[in-house]
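# Architecture and fold: a report
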Amino acid sequence: MAKFIKKISNLFLGFWVFIYILLEELIWDTIAIPVFRFVHSLKVLQRIESSVVDLNRYALLCVFLFLFIQVELLGFIAIGLLAKGSLAFGITLYIGKIPVAAFTFWLFRIAKVKLLTFAWFKVSYDFLIWIIDTIKTSAIHQSIVGQIVNVKQKLEKLLPRNWVQTVKKSSLFLSINRSRLAFIRYLKSLT
């Protein structure tokens, strides 16, 4: 019975390790961090930062929870759309929620001290950090990360040295890059 429980718990942990790595490697590192850096660099937000710090903790909690719940609901809807086979709309919705998630992360970073004054919020935050630490220190996570590093190293050896420049010169990449630059110019015009 103990072996069965251990197998089930390893399967459960393996699932969450896979989800965590997928979100961290593909979404967070490649998309969300650059968006967060951009959001953080906006002059409007730098001016708002002092105002946010001056808000009372209940107002901060309401704003944070509203944004957090919105981001999570959009994520669940996007995953549901992906599961139903609506790939383009699901991916678009998931990528579209990233600026809101970056803003929410920025707000949390600014208001963390005040938000953690709520006992239930601190317990929830500490529990989430414990889960992430448990995932990161698990043998399954270490093994998968090691395999990812090996695959990346093998791909670097297989791909020609100028493959990045080749991809950047492709028409699809150029149109995506032009769209991204136009979006950034639009956001900067708002400040």
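To start, this report covers the structure provided alongside it. (Residues numbered from 1 in each chain as written. Predicted model: local features only at pLDDT ≥ 70, side-chain atom pairs only at ≥ 80, totals over all residues. Heavy atoms only, no water.)

We now examine helix 5 (residues 98–115). Taking 1.5 Å as the rise per residue, helix 5 with 18 residues should run 26 Å; its terminal C-alpha atoms sit only 22 Å apart, a clear shortfall. Helix geometry: helix 5 is bent most strongly at arginine 109, by close to 50°. Within the sequence span of helix 5, burial applies to Ile98, Ala102, Thr104, Trp106, Leu107, Phe108, Ile110, Ala111 and Leu115. (Helix = DSSP H or I, 4+ residues; strand = E, 2+ residues; numbered from the N terminus. Expected span 1.5 Å × (residues − 1). Bend = angle between axes of the 7 residues up to and from the residue. Buried < 20%, exposed > 50% of the residue type's maximum accessible area, 1.4 Å probe, protein only.)

For helix 3 (residues 57–83), which comprises 27 residues, the first-to-last C-alpha distance of 38 Å matches the rise-based estimate of 39 Å (1.5 Å per residue) to within 8%. Those residues of helix 3 that fall on the buried side of the exposure criterion are Leu60, Leu61, Phe64, Leu67, Val71, Gly75, Ala78 and Leu81. Capping the start of helix 3, asparagine 56 holds a side-chain oxygen 2.9 Å from the backbone nitrogen of tyrosine 58, two or three residues further along. Directly after helix 3, the chain includes glycine 85, whose backbone phi takes a positive value near 95°. (Polar contact = N/O pair within 3.5 Å; in protein donor to acceptor, adjacent residues only side chain to side chain.)

On to the side chain of lysine 97, then. Mapped onto the elements, lysine 97 comes out in the loop between helix 4 (87–96) and helix 5. Apart from residues no more than four positions distant in its own chain, lysine 97 is found in contact with Val71, Leu74 and Gly75. (Contact = heavy atoms within 4.5 Å.)

Keep in mind these numbers describe shape, not what the thing actually does.
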